[in-house]
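Structural characterization, general
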Amino acid sequence: MASIGREGLRGERKRIMFRDANGRQKTLRLGECSDRAAQSALAGFERVLEAHRLGTTIHPDGVRWLESIDDRLHDRVARLGLVQPREIAEVVTLGSLLDRFLESASVKPSTIAAYSQTAGSLREFFGEDTPLSSIGTAGADAWRKSIADSGLAVATVAKRVNIGRAIGRKAVRWGMIAASPFDELRSGSQANPDRSFYVSRADIESILTVCPDIQWRAMVALCRFAGLRCPSELVLLRWGDVNWEKGRLAVRSPKTAHHDGHAVRMVPIDPTLRAILHDLFDEAEPGEEWVLPRFRDAGSNPRTQFGRIIERAGLTPWPRLFHNLRASCATDWVERFPAHAVAGWLGHSPMIAAQHYLQVRDAHFDAAAGIDKAATNPATRAATEAATQARPGAHTIPQRQPQHTTHQADMVGGVIACDRLEDGAMGATGLEPVTSSM
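Each chain has its residues counted from 1, following the order in which its sequence is written. With the structure being a predicted model, the display of local features is reserved for residues of pLDDT at least 70 and the display and counting of side-chain atom pairs for 80 or more, all residues being used for whole-chain, interface and lining totals. In computing side-chain values, all of the structure's heavy atoms are included and hydrogens and water are not.

**Side note on the pairing of strand β2 (residues 13-19)**
For two strands to pair, DSSP has to find at least two bridges joining them. Each helix is a run of H or I in the DSSP string that is no shorter than four residues. Each strand is a run of E no shorter than two, and both are numbered from the N terminus. By the bridge criterion, five bridges tie strand β1 (residues 3-7) to β2 in an arrangement that is antiparallel. Residue pairing for β2: E7 is matched across the bridge by R13. The loop that links β1 with its antiparallel partner β2 comprises five residues; one of these, G8, has a positive phi angle of about 95 degrees. By the bridge criterion, seven bridges tie β2 to strand β3 (residues 25-32) in an arrangement that is antiparallel. Looking at β3, one finds that R19 is bridged to Q25.

**A short note on the packing of helix α6 (residues 136-148) against helix α7 (residues 154-173)**
Remark: α6 packs on α7, axes separated minimally by 10 Å, with the N-to-C direction vectors making an angle of 155 degrees. Put simply, α6 runs roughly antiparallel to α7. Considering only the axes of α6 and α7, their crossing is right-handed. Each of W143, R144, I147 and A148 in α6 lies in contact with α7, whose residues at this interface are V157, R160, V161 and G164. Under the convention adopted here, Pro, Cys and the residues Ala, Val, Leu, Ile, Met, Phe, Trp and Tyr are nonpolar, Asp, Glu, Lys and Arg are charged, and Gly plus all remaining residues are polar. For the contact of α6 with α7, the class distribution of residues is five nonpolar, one polar and two charged. Structural elements are reduced to axes, namely lines fitted to C-alpha atoms, with helices fitted over the stretch in contact, and the angle between N-to-C directions of any two is expressed from 0 to 180 degrees. Put simply, angles under 35 degrees are roughly parallel, angles over 145 are roughly antiparallel, angles from 65 to 115 are roughly perpendicular, and the rest are oblique. Left-handed describes a crossing in which the near helix is turned anticlockwise from the far one by less than a right angle; the clockwise case is right-handed. Only heavy atoms enter the contact rule, under which two residues are in contact if any of them lie within 4.5 Å.

**Considerations on the sheet that holds strand β4 (residues 242-243)**
If you walk across this open sheet you meet the three strands as β4-β5-β6, and the pairing is antiparallel. Two strands bound the open sheet, and with one partner strand each, they are β4 and β6 (264-268). As paired elements, strand β5 (residues 248-252) and β6 share five bridges and run antiparallel to each other. The residue bridging A250 from the neighbouring strand is M266, located in β6.

**Thoughts on the pattern of salt bridges**
Here a salt bridge means any side-chain nitrogen of Lys or Arg lying within 4 Å of a carboxyl oxygen belonging to Asp or Glu. Using the criterion set out here, one finds 20 salt bridges in the structure. Notably, a salt bridge pairs R47 with E50, separated by 3.6 Å at the nearest N-O pair. With R47 and E50 both in helix α1 (residues 35-54) and three residues apart, the pair spans about one turn of that helix. Classification of R47 as partly exposed rests on a relative accessible area of 30%. As a salt-bridge pair, R294 and D213 come within 2.5 Å of each other at their nearest N and O atoms. The buried label applies to any residue whose accessible area, calculated with a 1.4 Å probe on protein chains only, is under 20% of its type's maximum; exposed applies above 50%, and partly exposed to all values in between.

**Some thoughts on the sheet that holds β3**
Spatial ordering of the open sheet is given by β1-β2-β3, a layout of three strands whose pairing is antiparallel. Across the chains shown, the open sheet's two edge strands, defined by having one partner strand only, are β1 and β3. Strand-to-strand twist in this sheet, taken as the mean axis angle between neighbours without regard to direction, amounts to 30 degrees. Taken strand by strand, α1 contacts β1, β2 and β3, and its axis lies near 25 degrees from that of β2.

**So, helix α10 (residues 271-283)**
The span you would expect from a helix comes to 1.5 Å times its residue count less one. Taking 1.5 Å per residue, 13 residues should reach 18 Å; α10 reaches 19 Å between its end C-alpha atoms and fits that length. Taken across its 13 residues, α10 has ten buried, putting it largely inside the fold. Within the span of α10, buried status applies to P271, T272, L273, R274, I276, L277, H278, L280, F281 and D282. The N-cap residue of α10 is D270: its side-chain oxygen and the backbone nitrogen of T272 are 2.8 Å apart. N or O atoms within 3.5 Å of each other form a polar contact, as long as, within protein, one can give a hydrogen and the other can take it, and as long as residues adjacent in sequence are counted only when both atoms are side-chain atoms.

**As for the packing of aromatic side chains**
Note on aromatic contacts: the rings of Phe and Tyr and the six-membered ring of Trp form a pair at centre separations within 6.5 Å, being stacked when their planes are under 30 degrees apart, edge-to-face when over 60 apart, and tilted otherwise. Summed over all chains, the structure comprises 15 aromatic pairs. Ring centres of F18 and F45 lie 5.0 Å apart, and the angle between their planes is 55 degrees; this geometry places the pair in the tilted category. Taken together, the residues F18 in strand β2 and F45 in helix α1 connect sequence positions 27 residues apart. Residue classification places F18 among the buried residues on the basis of a relative accessible area of 3%. Between W216 and F306 the ring centres are 6.3 Å apart and the planes differ by 20 degrees, which places this aromatic pair in the stacked class. With a gap of 90 residues between them, W216 in helix α9 (residues 214-226) and F306 in helix α11 (residues 302-312) connect regions that are remote in the sequence. Among the aromatic residues, ring-to-ring pairing joins F197, W216, F295, F306, W318 and F322 into one connected group. Throughout this description, the term charge over a ring refers to an Arg CZ or Lys NZ atom that lies within 6 Å of the ring centre and within 35 degrees of the ring normal. Here R100 stacks its cationic end above the ring of W174, 4.1 Å away from the centre of that ring. Here R296 stacks its cationic end above the ring of W290, 3.6 Å away from the centre of that ring.

Printed below as a string of structure tokens:
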């Protein structure tokens, strides 16, 4: 039989004393522990000792005791020859998880950049070598508070929290941890109304008049009157995607291409945009495939140049230059057409449109309040009339086909070589923004 021995001035350290099969005295030191803990250890150890002497399997009480003790005590039991050494699992660090997460992500470079920013924030707060299992929900809450207190925009904080939650879900899926400490974090809204700006038709007309050339005019018009994303959707637009007869554009979207049925969407051609596209087509080189070939250069920086163009028009550059062109297009469309149609043209759901694109304008308040500023203020009347153009069928811009018969024949050959996408099926709505459930 085994027994409990005591060590130290007050007997605070305990040990189990027993004799092996040859009658030799042996000791298993437990370290500092209570009497109750020592008795529990004695009961479990005797089950292990009994199985070793009889050559049988260990009683469940002994198994449970072995599973409950730490690696150091288990190693002492193994050194006595009573059990096999415990295999020490490799400690999974936060750094190893973040490295694997970034390496395995199959997303666009811009999304990788967002992932890297969140990964950098986690590394800075917790430390590269911190065991993943030691973070806990309290640590996750502290991390969220730190990024919220750092001065980042609310939408940026929400985005980083969502990415942090995705990283935690991957860790669980890969078997690194049993549960993610980030699951219960409150992300908040990624919408940022403080950076919303409605770009009126009157302002766009001023900008179009000072654009340096027809390609710039077309790029601005495609963003403002067709809601194309810049630059991802603009640089993929081919002349074969323009259906002059039906007044539609086939738009390829890398952002939503991974969702079934949302790689391509159809967009109506606004009369103002149609006239600009006609001019651009007439000036294009014979056989040119791309609508905006200059902007396909990876080294181009349209954002900086566009800011200068806006200033040249006598206006102040607004936040998120190209996003707010698309948002202004969405705002105009939703006032004239059903929400599901607008969502299909823009390539996202009505909910996403309401969160990130649709804007409340002063004209909405005035109309609801019965205040007709345009009728009483001549300066406002012109802008209001420009912002509420008649439907395309009543537009005064002539609907001409491209000039130059020889050039047109060259382009028809290009159209035949391209996929005919204008009659393809389109999904009900797109999915946006991100993309990466992880």
